[in-house]
Amino acid sequence: MRIACLPLLFAATFCVSPAAAKDTAKLRPATATEIRQTLTKTSNLKDAPNGYQYREGGKIGYRIDDGKICVLQQRKSECVTVYTDGKRLETIDRRGNRSFLN
(Lines give C-alpha, C1' and ligand atoms only; values in the text may rest on other atoms or scores of the structure.)
Protein backbone atom coordinates (compact mmCIF):
# COMPACT_ATOMS: atom_id res chain seq x y z
CA MET A 1 0.00 0.00 0.00
CA ARG A 2 1.40 3.42 -0.94
CA ILE A 3 1.32 6.22 1.59
CA ALA A 4 0.64 9.81 0.50
CA CYS A 5 2.12 12.69 2.49
CA LEU A 6 0.19 15.93 2.52
CA PRO A 7 1.76 19.19 3.73
CA LEU A 8 -0.13 21.00 6.50
CA LEU A 9 0.32 24.26 8.35
CA PHE A 10 3.71 25.06 9.88
CA ALA A 11 5.50 22.78 7.40
CA ALA A 12 4.28 19.66 9.20
CA THR A 13 3.65 16.56 7.16
CA PHE A 14 0.56 14.42 7.51
CA CYS A 15 0.83 10.96 5.97
CA VAL A 16 -2.29 9.02 5.07
CA SER A 17 -3.26 6.00 3.08
CA PRO A 18 -4.79 6.67 -0.36
CA ALA A 19 -8.28 5.84 0.99
CA ALA A 20 -7.93 8.37 3.80
CA ALA A 21 -6.50 10.96 1.38
CA LYS A 22 -9.57 10.48 -0.81
CA ASP A 23 -11.83 11.07 2.24
CA THR A 24 -9.91 14.23 3.13
CA ALA A 25 -10.31 15.50 -0.45
CA LYS A 26 -14.08 15.68 0.16
CA LEU A 27 -13.52 17.94 3.15
CA ARG A 28 -12.87 21.66 3.30
CA PRO A 29 -11.56 23.80 6.17
CA ALA A 30 -14.40 24.68 8.54
CA THR A 31 -15.14 28.35 9.09
CA ALA A 32 -14.75 29.88 12.54
CA THR A 33 -18.55 30.38 12.57
CA GLU A 34 -19.17 26.67 11.87
CA ILE A 35 -16.76 25.71 14.65
CA ARG A 36 -18.34 28.12 17.15
CA GLN A 37 -21.84 26.85 16.29
CA THR A 38 -20.75 23.29 17.08
CA LEU A 39 -18.82 23.97 20.29
CA THR A 40 -20.82 24.74 23.41
CA LYS A 41 -20.44 27.88 25.51
CA THR A 42 -18.27 29.77 23.01
CA SER A 43 -20.47 32.83 23.49
CA ASN A 44 -19.16 33.03 27.09
CA LEU A 45 -15.55 33.54 25.95
CA LYS A 46 -13.92 36.94 26.54
CA ASP A 47 -11.01 38.35 24.51
CA ALA A 48 -7.61 38.68 26.16
CA PRO A 49 -4.59 40.74 25.02
CA ASN A 50 -2.62 37.60 24.08
CA GLY A 51 -5.06 36.78 21.25
CA TYR A 52 -6.80 33.96 23.07
CA GLN A 53 -10.28 33.95 24.56
CA TYR A 54 -11.04 32.81 28.11
CA ARG A 55 -14.10 31.92 30.14
CA GLU A 56 -14.48 34.32 33.05
CA GLY A 57 -12.04 33.22 35.75
CA GLY A 58 -10.70 30.45 33.52
CA LYS A 59 -7.03 29.67 32.93
CA ILE A 60 -7.46 27.86 29.61
CA GLY A 61 -7.33 30.03 26.48
CA TYR A 62 -8.99 29.26 23.16
CA ARG A 63 -8.30 30.61 19.69
CA ILE A 64 -10.85 29.69 17.04
CA ASP A 65 -9.99 30.59 13.46
CA ASP A 66 -11.07 29.32 10.07
CA GLY A 67 -9.88 25.71 9.91
CA LYS A 68 -8.15 25.71 13.30
CA ILE A 69 -8.68 25.57 17.06
CA CYS A 70 -5.82 26.26 19.46
CA VAL A 71 -5.91 25.70 23.21
CA LEU A 72 -3.46 27.45 25.54
CA GLN A 73 -2.92 25.80 28.90
CA GLN A 74 0.02 26.31 31.26
CA ARG A 75 1.92 28.27 28.58
CA LYS A 76 1.64 25.40 26.08
CA SER A 77 -0.42 25.75 22.94
CA GLU A 78 -1.91 22.74 21.16
CA CYS A 79 -3.71 23.21 17.85
CA VAL A 80 -5.88 21.01 15.66
CA THR A 81 -7.03 21.59 12.13
CA VAL A 82 -10.78 21.40 11.58
CA TYR A 83 -12.41 20.19 8.36
CA THR A 84 -16.03 19.75 7.40
CA ASP A 85 -18.06 18.06 4.71
CA GLY A 86 -20.87 20.54 5.41
CA LYS A 87 -22.44 18.32 8.07
CA ARG A 88 -19.77 17.03 10.46
CA LEU A 89 -16.63 18.66 11.81
CA GLU A 90 -13.50 16.52 11.87
CA THR A 91 -10.34 17.45 13.74
CA ILE A 92 -6.82 16.33 12.92
CA ASP A 93 -4.04 16.94 15.43
CA ARG A 94 -0.35 17.35 14.65
CA ARG A 95 0.19 13.60 15.07
CA GLY A 96 -2.48 12.78 12.50
CA ASN A 97 -5.08 11.59 15.01
CA ARG A 98 -8.64 12.22 13.86
CA SER A 99 -11.84 12.78 15.80
CA PHE A 100 -15.24 14.38 15.29
CA LEU A 101 -16.60 17.43 17.12
CA ASN A 102 -20.20 16.49 16.42
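About the criteria used
Residues numbered from 1 in each chain as written. Predicted model: local features only at pLDDT ≥ 70, side-chain atom pairs only at ≥ 80, totals over all residues. Heavy atoms only, no water. Helix = DSSP H or I, 4+ residues; strand = E, 2+ residues; numbered from the N terminus. Buried < 20%, exposed > 50% of the residue type's maximum accessible area, 1.4 Å probe, protein only. Contact = heavy atoms within 4.5 Å. Areas by Shrake-Rupley, 256 points an atom, 1.4 Å probe, with all protein chains shown as cover. Salt bridge = Lys/Arg side-chain N within 4 Å of Asp/Glu carboxyl O. Phe/Tyr/Trp six-rings, centres within 6.5 Å; stacked < 30°, edge-to-face > 60°. Lys NZ or Arg CZ within 6 Å of the ring centre and 35° of its normal. pLDDT = per-residue confidence, 0-100. Polar contact = N/O pair within 3.5 Å; in protein donor to acceptor, adjacent residues only side chain to side chain.

(A) The overall build of the chain, seen in detail. Each helix and strand counted, the chain has 2 helices and 10 strands in total. Looking at the chain as a whole, 28% of its 102 residues are labelled buried. Taking contacts inside the chain between residues at least 6 apart in sequence as the whole, the part at least 24 apart equals 31%. When the accessible surface of the chain is split by element, carbon and sulfur atoms take 52% of a total near 7200 Å².

(B) Region of interest: the pattern of salt bridges. One pass over the structure, following the stated rule, counts 4 salt bridges. A salt bridge links R95 to D93, with the nearest nitrogen and oxygen atoms 3.5 Å apart. Accessibility expressed as a relative area gives 14% for D93, which makes it buried.

(C) Structural detail: the packing of aromatic side chains. Scanning all chains against the criterion turns up 0 aromatic pairs. The side chain of R88 reaches across the aromatic face of F100, ending 3.7 Å from its centre.

(D) Layout of the confidence of the model for the chain. Here the chain averages 81 in pLDDT, and 75% of its residues register 70 or above. Per-residue pLDDT stays below 50 along residues 1-19; that stretch engages in 28 contacts with residues further than four places along the chain or on separate chains.

(E) View of the side chain of T91. The topology assignment puts T91 in strand β9 (residues 89-93). Ignoring sequence-local partners within four residues, the contact set of T91 consists of V80, T81, V82, N97, R98, S99 and L101.

(F) Seen up close, the environment of Q53. In this fold, Q53 is placed in strand β5 (residues 53-54). Judged by relative accessible area, which is 14%, Q53 ranks as buried. Along the primary structure Q53 and T42 are separated by 11 residues, whereas in three dimensions their C-alpha atoms are 9.1 Å apart. If we ignore the near neighbours within four places in the chain, the residues touching Q53 are R36, L45, K46, D47, I60, G61 and Y62. Within the structure, the side chain of Q53 is placed 2.9 Å from the side chain of R36, a separation counted as a polar contact.

(G) A look at the environment of A48. Within the fold, A48 resides in the loop between β4 (46-47) and β5. Given the relative accessible area of 22%, A48 is considered partly exposed.

(H) How the structure looks around the environment of L72. Topologically, L72 is positioned in strand β7 (residues 68-73). For L72 and I60, which are 12 residues apart along the polypeptide, the C-alpha to C-alpha distance reads 5.7 Å. Contact partners of L72, with chain neighbours within four places excluded, come to N50, Y52, Y54, K59, I60, G61 and S77.

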